[in-house]
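Listed below, chain by chain, are the residues.
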Amino acid sequence: MLNGKRILLIVAGGIAAFKSLELVRRLRGRGASVRCVLTEAGAKFVTPLSLQALTEDRVYSDMFSLTDESEMGHIQLSRDADLLVVAPATANLLARMAGGLADDLAATVLLATDKPVLAAPAMNVRMWTHAATVANVETLKKRGVSFIGPNDGAMACNEYGPGRMSEPEEIVVAIENLLSVDKPLAGKKALVTSGPTREAIDPVRYISNHSSGKQGHAIAAALARLGAEVTLVSGPVTVPDPSGVKVVKIDSADQMLAACLAAGAIDVVVCAAAVADWRVSHPSDAKIKKKPGAAPPALELAPNPDILATLSRSSPQRPRLVVGFAAETENLIANAVDKRQRKGCDWILANDVSPAVGTFGGERNTVHLVSAQGVEDWPTLAKDEVAARLADRIARHLGQPRPAQAAE
Ligand code: C5P
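None of the values given here were measured: they were computed from a predicted structure.

A regular strand carries its side chains on alternate faces of the sheet. Here strand β14 (residues 268-271) shows two buried faces, one formed by Val268 and Val270 and the other by Val269 and Cys271. In the sheet, strand β9 (residues 189-194) pairs with β14 via four bridges, with the strands oriented parallel. Note on β14: the bridge partner recorded for Val192 is Val270. Pairing geometry for β14 and strand β17 (residues 321-328), over four bridges, is parallel.

Printed below as a string of structure tokens:
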């Protein structure tokens, strides 16, 4: 979390400026306060009003405005921040920073500051690889400016290569690292399962479900951000591997269980995967052929191992904290309370996966934390905010002495 941290975000004029709005939202969601300086070119891409609404603060643009200077001078803007973040950092602003110019409020604040500076470059690939930009970046790095990105990818200008601004979440992680946010899970091992499993019918067909892996992957990333050594056992998903996490890719529930057991002694496990309850008893080695006029084949199913229950009951190395999910379409809380007891886990995050709610594949989730202490309702949050909150709770739990030790 970034509780109490003050970020001065400088938004320069690039198409990636739209991502800065999301960056503000995420930083504030992590507890930081954000104040914005918007360059004249930046204001062509995002409006001061959007930034003002998201920061709940006024937006600073004009160095020669009497009100701006009397209420909050350029020196004060920098003094009041723990970190300056330039996102997007355009080729032009990087050049002005490297040259020590002070020709607008953004450049002046950057010249006047003694606070750490993080730049998230965004520009056309040729501008990024141009000798002038390469030299400017080199100069700025030597002076202690930190950089995040740019990433490779398709660009708004129909070219491909390095130049895309890092995603808001990557920038948040870089900010947390720069501000040496506490790593309360340092030295702890975490295991997370995520995504669906695929149970083969034959080499071509399978039984699976709609899990996207977004929630499980976000949890793995959030635990890693707090310093845990994380193994993520993932079924087939299209979301990218989180950075700083060991990812083991599997297909079936059997493979998921084997990968979890191979992870060895762990402190906390979060089973977020939507594991298929049944597999086909005898998958065919060859593609099952349609025979004209013949009845469709009957699939005989066998139950899959319950990974959550297996890890909850593992001994002698039971993880100190075992967390499961209850994805339900009816009687959410009652089913989750029952599931916690049946599976022997410590916490259950209950969420409604009725199609109307849009949890599967969606960006947001409404969860209820069911533990021995009762039921705690969380507000509807973005999946990575749910993940950050859960990681925080896990860190607090593991930070407490074990009950047996407490009694000693
Ligand atoms: O029984 P149900 O599928 O509703 O339980 C959901 C919880 O159990 C989730 O945490 C899921 O990851 C876990 N689970 C598992 N192995 C299974 C089935 C579910 O780990 N075979």
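Once that is clear, we can look at empty space enclosed by the protein. By the definition in use, this model includes one cavity of 30 Å³ or more. Computed from the structure, the largest cavity encloses a volume of approximately 60 Å³. For the largest cavity, the full set of lining residues is Met1, Arg30, Glu176, Ala222, Arg225, Leu226, Ala388, Ala391 and Asp392. The set of elements that each furnish at least two residues to the lining of the largest cavity consists of α10 (214-225) and α14 (383-399).

The next point concerns the layout of surface pockets. If a probe the size of a water molecule is rolled over the atoms, the empty space left behind becomes visible. Looking at the largest pocket, its volume works out to about 990 Å³. Lining the largest pocket are 28 residues, with Arg26, Glu169, Ala221, Pro240 and Asp384 positioned closest to its centre. Where the lining of the largest pocket is concerned, the elements lending two or more residues are α1 (17-29), α9 (168-178), α10 and α14. The leading source of residues in the lining of the largest pocket is α10, at six residues. Here the residues of the lining of the largest pocket are counted per class, giving nine nonpolar, five polar and 14 charged. When residues are assigned to domains, the lining of the largest pocket turns out to be shared by domain 1 (6-178) and domain 2 (189-398), each giving three or more. If you add up the space inside the second largest pocket, you get close to 840 Å³. Lining of the second largest pocket is provided by 39 residues; of these, Ala273, Ala274, Val275, Phe325 and Ala327 occupy positions nearest its centre. At the level of secondary structure, the elements contributing two or more residues to the lining of the second largest pocket comprise α10, α12 (307-312), β17 and α13 (332-343). Among the elements that take part in the lining of the second largest pocket, β17 stands out by supplying four residues, more than any other. Here the lining of the second largest pocket is composed, by residue class, of 17 nonpolar, 15 polar and seven charged.

Moving on to the domain arrangement of the protein chain. Along its sequence, the protein chain is carved into domain 1 (6-178) and domain 2 (189-398). Using only C-alpha atoms to locate each centre, domain 1 and domain 2 end up separated by 38 Å. Listed as interface residues are seven residues of domain 1 and, on the opposing side, four residues of domain 2. Together domain 1 and domain 2 conceal approximately 490 Å² of surface at their shared face, both sides included; 38% is due to carbon and sulfur atoms.

In this structure, Glu199 sits in strand β10 (residues 199-200). Arg279 provides the closest opposite charge to the buried, unpaired Glu199, separated from it by 5.9 Å. Side chain to side chain, Glu199 and Asn304 meet in a polar contact 3.3 Å long. With sequence-adjacent residues up to four places away left out, Glu199 is seen in contact with Arg205, Tyr206, Ile207, Ser252, Ala253, Ala276, Trp278, Arg279 and Asn304.

Now for the site of the ligand. All residues in the neighbourhood of the ligand are listed as Cys271, Ala273, Val275, Asp277, Pro305, Asp306, Ile307, Leu308, Gly324, Phe325, Lys339 and Lys343. Here an oxygen atom of the ligand and a backbone polar atom of Cys271 are 2.6 Å apart. Leu308 has a polar backbone atom sitting 2.8 Å from an oxygen atom of the ligand. Coverage of the ligand by the protein chains reaches 87% of its 440 Å² of free accessible surface. At a threshold of 2 Å from the grid points, most atoms of the ligand map onto the second largest pocket. Elements represented by at least two residues in the shell around the ligand include exactly α12, β17 and α13. Of the residues in the shell around the ligand, the class split is seven nonpolar, one polar and four charged.

A few words now on the sheet that holds strand β1 (residues 6-11). Spatial strand order, β3-β2-β1-β4-β5-β6: six strands in an open sheet with parallel pairing. Edge positions in the sheet fall to β3 (59-60) and β6 (146-147), since each of these pairs with one other strand and no more. Judged from the four bridges that link them, β1 and strand β4 (residues 83-89) form a sheet pairing that is parallel. Note that in β4 the partner of Ile7 across the bridge is Leu83.

Quick look at the side chain of Ser78 now. Relative to the elements of secondary structure, Ser78 occurs in helix α4 (residues 74-79). When residues no more than four places from it in sequence are discounted, the contact partners of Ser78 are Leu8, Val109, Ala112, Thr113, Asp114 and Lys115.

Inspection of every chain in the model, using the stated rule, returns zero aromatic pairs. Looking at Arg58, its charged tip hangs above the ring of Tyr60, at a distance of 4.6 Å from the centre. One cation-aromatic arrangement involves Arg389 over Trp378; the distance from NZ or CZ to the ring centre is 5.0 Å.

Once that is clear, we can look at the nonpolar core. In terms of nonpolar packing, the biggest core is built from 33 residues, with Leu223, Val230, Val270 and Ile394 touching the most fellow members. At the level of secondary structure, the elements contributing two or more residues to this core comprise β9, α10, β12 (229-234), β14, β17, β18 (347-352), β20 (367-371) and α14. Looking at this core, the element that brings in the most residues is α14, giving seven residues.

About the criteria used
- Residues numbered from 1 in each chain as written.
- Predicted model: local features only at pLDDT ≥ 70, side-chain atom pairs only at ≥ 80, totals over all residues.
- Heavy atoms only, no water.
- Buried < 20%, exposed > 50% of the residue type's maximum accessible area, 1.4 Å probe, protein only.
- Helix = DSSP H or I, 4+ residues; strand = E, 2+ residues; numbered from the N terminus.
- Pairing = 2+ DSSP bridges.
- 1 Å grid on protein atoms, 1.4 Å probe; cavity = no way out; pocket = protein on both sides within 12 Å on 5 of 7 lines; lining within 4 Å.
- Points joined across faces, edges and corners; volume = space filled by probe spheres on them.
- Nonpolar A, V, L, I, M, F, W, Y, C, P; charged D, E, K, R; others polar.
- Domains from an automatic or database assignment.
- Contact = heavy atoms within 4.5 Å.
- Buried area = accessible area lost by both parts, 1.4 Å probe.
- Lys, Arg positive; Asp, Glu negative; His and termini not counted.
- Salt bridge = Lys/Arg side-chain N within 4 Å of Asp/Glu carboxyl O.
- Polar contact = N/O pair within 3.5 Å; in protein donor to acceptor, adjacent residues only side chain to side chain.
- Near = heavy atom within 4 Å.
- Areas by Shrake-Rupley, 256 points an atom, 1.4 Å probe, with all protein chains shown as cover.
- Sits in = over half its atoms within 2 Å of the grid points.
- Phe/Tyr/Trp six-rings, centres within 6.5 Å; stacked < 30°, edge-to-face > 60°.
- Lys NZ or Arg CZ within 6 Å of the ring centre and 35° of its normal.
- Core = buried A, V, L, I, M, F, W, Y, C linked by side-chain atoms within 4.5 Å.

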